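# Fold and geometry: a report
One letter stands for each residue in the lines below.
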Amino acid sequence: MPAFPGRARPVPGGGHRGAERADRSPRRDGRPRGAVAHAPWPADRLRAKRRWPVERSRGLKLVTGIPYRFDRTATAADVTHQGADLEPGGESGQEVSVAGRVMLSRPQGRLAFAELRDSSGAVQLMALHALTEDFEAFTRLRLGDWIGARGEVIRTKRGEVSVKVAEWCLLAEARRSFGDKWRGVTDIETRFRQREVDLWANEASRKVLLLRSNMLRRLRQRLWDEGFVEVETPILHPIPGGAHARPFVTHHNALDADLYLRIAPELYLKRLVVGGFEKVFEVGRLFRNEGLSPRHNPEFTAIELYQAYADYTDLMVLVEELVSGLAGDLLGTTSLVYQGRPLDLTPPWRRATLVELVAEATGRDVGVHVPVAELRRVLRDEGVPFEEAWGPGKLLLELYEKTTEASLWGPVFVCDYPAEVSPLARRHRDDPTLVERFEPVVAGRELGNAFSELTDPDDQRARFEAQAAERAAGDDEAMPVDEEYLQAMEYGLPPTAGLGIGIDRLAMILADVANIREVIAFPTLRPER
RNA sequence: GCGCCUCUAGCUCAACGGCAGAGCAACGGACUCUUAAUCCGCAGGUUUCGGGUUCGAAUCCCGAGGGGCGCACCA
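The shown structure was predicted, so the numbers you read here are calculated from the model rather than taken from an experiment.

## Things to note about the protein's contact with RNA strand B
For RNA strand B, the set of nearby residues contains 58 residues, the closest of which are Arg106, Arg158, His296, Glu401 and Arg517. For RNA strand B, the fraction of atoms within 4 Å of the protein that belong to sugar or phosphate moieties is 64%. In this structure, Glu160 approaches RNA strand B through a side-chain N or O atom, which is 2.7 Å from a base oxygen. Within the side chain of Glu439, an N or O atom sits 3.5 Å from a sugar or linking oxygen of RNA strand B. For the surface near RNA strand B, the elements supplying multiple residues, two or more each, are strand S1 (91-108), strand S2 (111-118), strand S3 (121-128), helix H5 (188-193), helix H12 (392-403) and strand S16 (434-442). Per-element accounting of the surface near RNA strand B gives the leading share, four residues, to S1. Looking at the surface near RNA strand B residue by residue, the class counts come to 19 nonpolar, twelve polar and 27 charged.

## Section: the sheet that holds strand S8 (residues 249-252)
Ordered by their spatial adjacency, three strands build an open sheet running S7-S9-S8, and the pairing between neighbours is antiparallel. The two strands at the open ends of the sheet, each matched to only one other strand, are strand S7 (236-237) and S8. Across four bridges, the pairing between S8 and strand S9 (residues 257-261) is antiparallel. Within S9, the position partnered with His251 by the bridge is Asp258.

## So, helix H15 (residues 503-511)
Counting buried positions along H15 gives nine out of nine residues, so the element sits mostly inside the fold. Along H15, the residues classified as buried are Ile503, Asp504, Arg505, Leu506, Ala507, Met508, Ile509, Leu510 and Ala511. Remark: Asp512 follows H15 within two positions and exhibits a positive phi of approximately 55°.

## Here's the deal with helix H14 (residues 483-490)
Those residues of H14 that sit buried are Tyr485, Leu486, Ala488 and Met489. End-on, the buried residues of H14 take up no more than an arc of 160°, which puts them together on one face. Against helix H8 (266-274) and helix H13 (457-472) lie the buried residues of H14. Once H14 ends, the next one or two residues include Gly492, with phi positive near 110°.

## Regarding the side chain of Ser422
Take Ser422: it is sitting in the loop between strand S15 (412-418) and S16. You can call Ser422 buried: its relative accessible area is 3%. At a separation of 2.7 Å, a polar atom in the side chain of Ser422 contacts the side chain of Arg437.

## Observations regarding the pattern of salt bridges
Throughout the structure, instances matching the rule amount to 33 salt bridges. Taking the shortest distance from any N to any O, the salt bridge between Lys164 and Glu91 comes out at 3.1 Å. Of this pair, Lys164 sits in strand S5 (residues 161-172) while Glu91 sits in strand S1; the two residues are 73 residues apart in sequence, bridging distant segments of the chain. The salt bridge involving Arg429 is made with Asp311; its shortest N-O contact spans 2.8 Å. On the criterion of sequence distance, the pair formed by Arg429 in the loop between S15 and S16 and Asp311 in the loop between strand S11 (299-308) and helix H9 (312-331) is long-range, its members being 118 residues apart. Overall, the relative accessible area of 18% leaves Asp311 in the buried class. Connected through shared salt-bridge partners, Arg191, Arg195, Asp198 and Glu518 make up one network.

Parameters and conventions
Residues numbered from 1 in each chain as written. Chains lettered and ligands numbered in written order. Predicted model: local features only at pLDDT ≥ 70, side-chain atom pairs only at ≥ 80, totals over all residues. Heavy atoms only, no water. Near = heavy atom within 4 Å. Polar contact = N/O pair within 3.5 Å; in protein donor to acceptor, adjacent residues only side chain to side chain. Helix = DSSP H or I, 4+ residues; strand = E, 2+ residues; numbered from the N terminus. Nonpolar A, V, L, I, M, F, W, Y, C, P; charged D, E, K, R; others polar. Pairing = 2+ DSSP bridges. Buried < 20%, exposed > 50% of the residue type's maximum accessible area, 1.4 Å probe, protein only. Arc of directions from axis to C-beta. Contact = heavy atoms within 4.5 Å. Salt bridge = Lys/Arg side-chain N within 4 Å of Asp/Glu carboxyl O.

Shown next as C-alpha cells:
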C-alpha cells in the first residue's frame, strides 16, 4: 500500500541510511523502560511529579512500532480545499494520507472523531468501527499524539469536511499533557521555558514566529533584489567594538585568548567595503551584556547594511521603503495599529533634528553650542540626572532620551546627533560638532541607527582615543582603539552610508506585540536552579 | 542591581486563619455524526523551598528560589 507507508519496511539500499539503521527489529512488547526511567537531571522535579503512564495503550497494537517515515499526500488545508464542494454526507472518492497532531478526540462508541492539526491547519478525522483498522486504539488516542491516517475525503452529515479513516498509525505518543484544551497554556514562565508547549497550545505564538520568519525572508529578498551581497563576519571578536555596550567575554583555549561575543558587526562590514563590496549586509545575532526588559534580550538579531557612494539621506529613503514594504508584504497595509494605537508607516516619514524634537517635547531651546553650564541647568530642571564628566553632546543626548524619545510615536527620523557620542559617524557637512546620523523611531523606541560613515582615518583615530579616554575614566561601554580597523581605513573607505535595524523590534511592531520575548523562539531566562 | 506584584493537581483557576476544591486533561466504562460532544465512575497535592507566629497556616511574618511589571542599564 504505497500511499500509506506507515507499515512499509525500510527500502533495502534505497532512501536514506537504510543499511545503517541500528534498530532493525521492531519493539514487540513495549518500549524499553530505561529510555524514560533513567531521567537524567534535570529530568527535573516536574517530571517526577507527573504521573503519565509510561506505557500506554496496553493491549493495543500501537506499540508494535513507530514507522521511520510517512508519505503524506495532503495537508489539512489541502483536505479542506478538496472537500469544499461536497454536500453534507457527501463522499469525494478521493483518498488522502494526512499526518499531524491530535488536538481533540471525541470517541463515541462505534464512531469516533478526532481533530488533526498540522502546520497548514486542522482537519477532522472520522473513524468507524466497521471500517477503521485498530478502531479501539483510535478511540484511545490522547491529546498531543501524532498520527498518520489514510482515508477518503468526505463531508459529515453535520457538514464538516473530514477524512474517513481506513488505516492509521501512531507517529509519536504524547507522554506529557499539553495543557488545557480550551484555554491552552497561559502561564508566562511555562510559555517561554517550554516554548514547544506554548507553540502547540497557542496559535498566536505560532503566528508571531511565522511572521518573523516571513519578515526575514522578505527583507533578504528585497536587499538581494537591490544588489546587496549577504555576508557573514565574525561573532568572536578580539576587541569589542562598533557600539556602546558591555560585551560577553569568552575564552579560546588553544589560543589562550579572551574573545568577546560581538556587540556589533559594524567594523568588519566596513572593512568589506574597503575590500570592494559596495553593497553588503549581514543579518545576525548580537550579544550585549545588559539587563533584560520587555524590549531587551541579551542576544538579539540585527541587520546591518553598508552602501558605498551613499549618505544618510539615501538610507532614510531605504528604511522607509524597507519597513513600509515589509508591512505591505506581510500585513497587506502600511497603516497599522500597534498596541491599540494607529501607526502609519506609509512613506515619507517625518525628518526632524534631535534638537528640534527636544524643543518640541520640552520647550527648551538647546543645542551642542549651548554652554555646558546652561545645559546642566536644563537637565536639572527636567529632572534628568547627569555626571560631571559629560560634555555638551552627552548631556544633549541624555536630555533627548529621557524627555523626548518615548513620546515620539513616529515614525520619525531623528537626525543629526552630537559628534561626541557618535565615534564612528562622519561629521555633519554643515556643523562639525554634529554627525550625519539618524535613528528611525517608531512607537517611542529606536528601531535602528544609521549614519554617513566616518571615512577619515585620522579623525577616526582621534575619536577612538577620546573613547579610550572615557573607557579609562571608568566607562566600560566605551570603545577601545581598534588598530586593525584604523589600518583598514587607511587603505581607503569611500563615502559610505551604514544602517542597523533591530530585527526583533521590527518584528514586534509588525506582529503587534509588546514583549520582545514573543518574537524570539527561545528568549533568555534565568536558568532554573 | 533596586522596588512592587506573583507562585495551589498535568493545564486553567477557587479556597484568603478552621477538613485543600472545581473545570479541562488523564484513567475505567456507556454511546454510530461529534464540534470545548454528552453521561457514569475513579484517581490526582511536600499549596515553589526553608524557617517562624498560632490550638490550628495555602492563607500572617522572615528568608531563599522562579516569574511578571516598573526603575536602573540599554547612545
